[in-house]
Every structure is written in C-alpha cells, then in structure tokens.
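# Reading the structure
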Amino acid sequence: MLEDPDELAVLEEIQQELILQEQSVIEEYERSQQFDEECLNAMLDGLDASDKIICPACRKNNLTVRNHFVFCQCGLCIGTEGMTEEKLRSLLEQTVTEHSHRCSQSPEFTVTSGMEEEASLLMSCPV
C-alpha cells in the first residue's frame, strides 16, 4: 500500500495518461472504420452503375449512345444507325469473349477513320 502522497499523485497521473492514450487509440480506430465504410459504400455505388459501358479505347470514361452516335469524353465519336446501349454492350462483350477463347492477350481498341469513311471502332490484338 502506497502512503506517500507524491507517489500516489504520480500513479494517478500515469493512469490518466493511459486512459487518454486508450481513448486516442479508440478514436483513431473508429475514424479508420468510418473511412473503410465510406470506401466500401463508394465501391458499391460504382457497382450499382453497372449498366454503364466503359469506353474500350480509353478504359476510363463511360460511353454514351445518343442521336445515332456513340461518344466518350476521350474524344471517341462514332456515327451509328439504330445502336442502343444494350446492343453495343452485347457486341463488345461478344467480340471480346470470342477473342478470349482463342487468345490469352487482351485486345486493344482504337478509333479509325479513312478519307471518306466515318470513324469506326477497331479491335486488334498485340499478338
């Protein structure tokens, strides 16, 4: 049993520091948990946008199909007749799937245009 008031004061001070340290660790853990939850929610929101078609040329932005054109923020702009997002998605998936059955490499997409031709999307394989 400690009877020296100075020793008792030092022990109480150490106890308070440990309590503050524990609270700090708990707060940091809670902030980390909140950040992880926000990241998970953002990822889930991205999955909800699965009806969007990623541009095969830039692989960053979403394609838009409107007024007989398929376009992207990267500059891709292809004239189409009767194209819908569903049809475009199906064509891209089908073409990439067929390629993957014959080759292990990922195909690359580029926009081509001739002197008199309209722009078109070209899939090529580096192999």
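It should be noted that the structure appears before, not after, this text.
Predicted, not measured: the structure shown is a model, and the values here were computed from it.

It is worth spelling out the environment of Ser 104 at this point. Along the polypeptide, Ser 104 turns up in the loop between helix 2 (85-102) and strand 4 (108-112). With relative accessibility at 73%, the residue Ser 104 sits in the exposed group. C-alpha of Ser 104 to C-alpha of Cys 125: the two residues are 21 residues apart in sequence and 10.0 Å apart in space.

Residues other than glycine seldom take positive phi values, yet Arg 59 does so here, at roughly 60°. Tracing the backbone shows Arg 59 in the loop between helix 1 (5-48) and strand 1 (64-66). Given a relative accessible area of 52%, Arg 59 falls into the exposed group. A positive phi angle, close to 50°, is found at Asn 67, a residue other than glycine. Here Asn 67 lies in the loop between strand 1 and strand 2 (69-71).

Taking 1.5 Å of rise per residue, 18 residues should cover 26 Å, and helix 2 covers 26 Å from first to last C-alpha, within 8% of that figure. Residues Leu 88, Leu 92 and His 99 constitute the buried set of helix 2. The buried residues of helix 2 occupy an angular sector of 35° when the element is viewed end-on, so they sit on one face. The outward face of helix 2, more than 90 degrees from its buried face, is lined by the exposed residues Glu 86 and His 101. Packed against the buried residues of helix 2 are strand 1, strand 2, strand 4 and strand 5 (120-124).

Another point: a nonpolar patch on the surface. Taken together, the side chains of Val 10, Leu 11, Ile 14 and Leu 18 present a nonpolar region at the surface, about 350 Å² in accessible area. Within the secondary structure, Leu 18 is located in helix 1.

Before going further, it helps to spend a moment on the nonpolar core. As a rule of thumb, nonpolar side chains are buried together in soluble globular proteins. Of all hydrophobic cores here, the largest spans 12 residues; its members are Ile 53, Cys 55, Cys 58, Leu 63, Val 65, Val 70, Cys 72, Leu 76, Ile 78, Leu 88, Leu 92 and Phe 109. With residues near it in sequence (within four places) discarded, Leu 88 still touches Ile 53, Leu 63, Val 65, Val 70 and Met 83.

Taken as a whole and assessed by the stated rule, the structure comprises 1 salt bridge. In this structure, Glu 28 and Arg 31 form a salt bridge, with 2.7 Å as the shortest nitrogen-oxygen distance. Of this pair, Glu 28 and Arg 31 both sit in helix 1, 3 residues apart, roughly one helical turn. Among the residues examined, Glu 28 registers a relative accessible area of 44% and is labelled partly exposed.

On to the side chain of His 99, then. Here His 99 shows up in helix 2. At a separation of 3.4 Å, a polar atom in the side chain of His 99 contacts the main-chain carbonyl oxygen of Gln 105. Once you skip the residues sitting within four places of it in the chain, His 99 turns out to touch Gln 105, Pro 107, Met 123 and Cys 125.

Definitions and limits used
- Residues numbered from 1 in each chain as written.
- Predicted model: local features only at pLDDT ≥ 70, side-chain atom pairs only at ≥ 80, totals over all residues.
- Heavy atoms only, no water.
- Helix = DSSP H or I, 4+ residues; strand = E, 2+ residues; numbered from the N terminus.
- Buried < 20%, exposed > 50% of the residue type's maximum accessible area, 1.4 Å probe, protein only.
- Expected span 1.5 Å × (residues − 1).
- Arc of directions from axis to C-beta.
- Contact = heavy atoms within 4.5 Å.
- Patch = residues over 30% accessible without salt bridge, like charges linked within 9 Å, V, L, I, M, F, W, Y side chains within 5 Å.
- Areas by Shrake-Rupley, 256 points an atom, 1.4 Å probe, with all protein chains shown as cover.
- Salt bridge = Lys/Arg side-chain N within 4 Å of Asp/Glu carboxyl O.
- Core = buried A, V, L, I, M, F, W, Y, C linked by side-chain atoms within 4.5 Å.
- Polar contact = N/O pair within 3.5 Å; in protein donor to acceptor, adjacent residues only side chain to side chain.

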